[in-house]
Amino acid sequence: SKYATDDSIKYLVDHTQFWIVPIVNPDGVIYSQGVSNDQLDNVRLWRKNRRPISLGECRSGVGVDLNRNFGFQWRLRGDEPCPQTSDDAGASDNPENEIYRGSEPESELEVRAIKSLTNDPARHFKAQLDYHSYSQLILYPWGYQLFAAPDAGTLSKLTRKMSDEMLKVDGKPYRAQQAHSLY
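Right, let's walk through the structure included here. No experiment lies behind these values; they were computed from the predicted model shown.

Taking 1.5 Å of rise per residue, 19 residues should cover 27 Å, and helix α5 (residues 152-170) covers 27 Å from first to last C-alpha, within 8% of that figure. Among the residues making up α5, those that are buried are Ala152, Leu155, Ser156, Thr159, Met162 and Ser163. All buried residues of α5 lie within an arc of 125° about the axis, which places them on one face of the element. Those residues of α5 that are exposed and aimed more than 90 degrees away from the buried face are Thr154, Lys157, Lys161 and Lys168. Among the structural elements, β3 (137-140) and β4 (175-178) are those in contact with the buried residues of α5. With its phi angle positive at about 75°, glycine 171 sits one or two positions after the end of α5.

Now the structure itself:
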């Protein structure tokens, strides 16, 4: 509404691109949508992809939590690979677990596709925001450890402001919190 009168708004509109990737986990969404109502609680909002996993001496399961498959802090120091799972932090080595990280960083096609898009130097991405519809939460780093990110104060203020603005739209409260406290 201020495009014609505010030079800073005009500049932002003329020089900013927003890329929206509506679904990164299409097979998980299709799986969730295809279940009967009596099974709905067990698979509603399925978080992992649907790739079958078999790890020999480790357990078998279906899918990798794509949010935990990215390379950054994929496995923390002191976290031994499967079959040891009692030392897991931030993600699991157990393919039966809903936060199974995968067999190696960026092992999943979906994660590699997003990384290919966002790491392309021709695109000049400055920020990435990952929306999830479950639980009405706005999460900020870190998710892999309890310690706060260096800019946690700024992120906390930003997520509270986002929450306030979202409340104005439809009256639904969204809670801002550090991602680590979710799991």
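Below, the discussion takes up helix α4 (residues 109-118). Of all the positions in α4, only Glu110, Val111, Ile114, Leu117 and Thr118 are classed as buried. Buried residues along α4 cover an arc of 125° about the axis, so they all sit on one side. Structural note: α4 exposes Leu109 and Ser116 on the side pointing more than 90 degrees away from its buried face. Contacts from the buried residues of α4 go to α2 (26-33).

Moving on: the environment of tryptophan 19. Along the chain, tryptophan 19 falls in the loop between α1 (7-15) and α2. Overall, tryptophan 19 belongs to the partly exposed group, its relative accessible area being 41%. The sequence separation of tryptophan 19 and phenylalanine 125 amounts to 106 residues, and the corresponding C-alpha distance is 9.3 Å. What tryptophan 19 contacts, discounting residues up to four positions off in sequence, is Leu117, Arg123 and Phe125. At 3.0 Å, the side chain of tryptophan 19 forms a polar contact with the side chain of glutamine 17.

Turning our eyes to something else, we now look at the pairing of β3. Relative to β4, β3 runs parallel, the two being bridged by 4 bridges. Considered in β4, the bridge of leucine 137 is made with arginine 175. Traced from β3 through α5 to β4, the parallel crossover comes out right-handed.

All right, on to the pattern of salt bridges then. Tallied over the full model, the rule gives 12 salt bridges. Of the charged contacts, one joins arginine 51 and glutamate 108 as a salt bridge, the two residues approaching to 2.6 Å between their closest N and O atoms. A residue pair is termed long-range when its members are at least 10 positions apart, and arginine 51 in the loop between α3 (40-43) and β1 (52-54) and glutamate 108 in the loop between β2 (60-62) and α4 qualify at 57 residues. The exposure class assigned to arginine 51 is partly exposed, which follows from its relative accessible area of 36%. On the basis of relative accessibility, which here comes to 1%, the residue glutamate 108 falls in the buried class. The structure contains a network of salt bridges with shared partners spanning Arg75, Asp79, Asp93 and Arg101.

Turning our eyes to something else, we now look at the packing of aromatic side chains. Under the criterion given, the structure shown has 4 aromatic pairs. Judged by centre distance (5.7 Å) and plane angle (80°), the rings of phenylalanine 72 and tyrosine 144 are edge-to-face. Of this pair, phenylalanine 72 sits in the loop between β2 and α4 while tyrosine 144 sits in the loop between β3 and α5, placing them 72 residues apart in sequence. Summarising the aromatic geometry, the rings of tryptophan 142 and tyrosine 144 are spaced 5.3 Å apart at their centres and angled 55° between planes, so their arrangement reads as tilted. Residue classification places tyrosine 144 among the buried positions, given a relative accessible area of 15%.

So, how was this worked out
- Residues numbered from 1 in each chain as written.
- Predicted model: local features only at pLDDT ≥ 70, side-chain atom pairs only at ≥ 80, totals over all residues.
- Heavy atoms only, no water.
- Helix = DSSP H or I, 4+ residues; strand = E, 2+ residues; numbered from the N terminus.
- Expected span 1.5 Å × (residues − 1).
- Buried < 20%, exposed > 50% of the residue type's maximum accessible area, 1.4 Å probe, protein only.
- Arc of directions from axis to C-beta.
- Contact = heavy atoms within 4.5 Å.
- Polar contact = N/O pair within 3.5 Å; in protein donor to acceptor, adjacent residues only side chain to side chain.
- Pairing = 2+ DSSP bridges.
- Right-handed = clockwise from strand over helix to strand, strands pointing away.
- Salt bridge = Lys/Arg side-chain N within 4 Å of Asp/Glu carboxyl O.
- Phe/Tyr/Trp six-rings, centres within 6.5 Å; stacked < 30°, edge-to-face > 60°.

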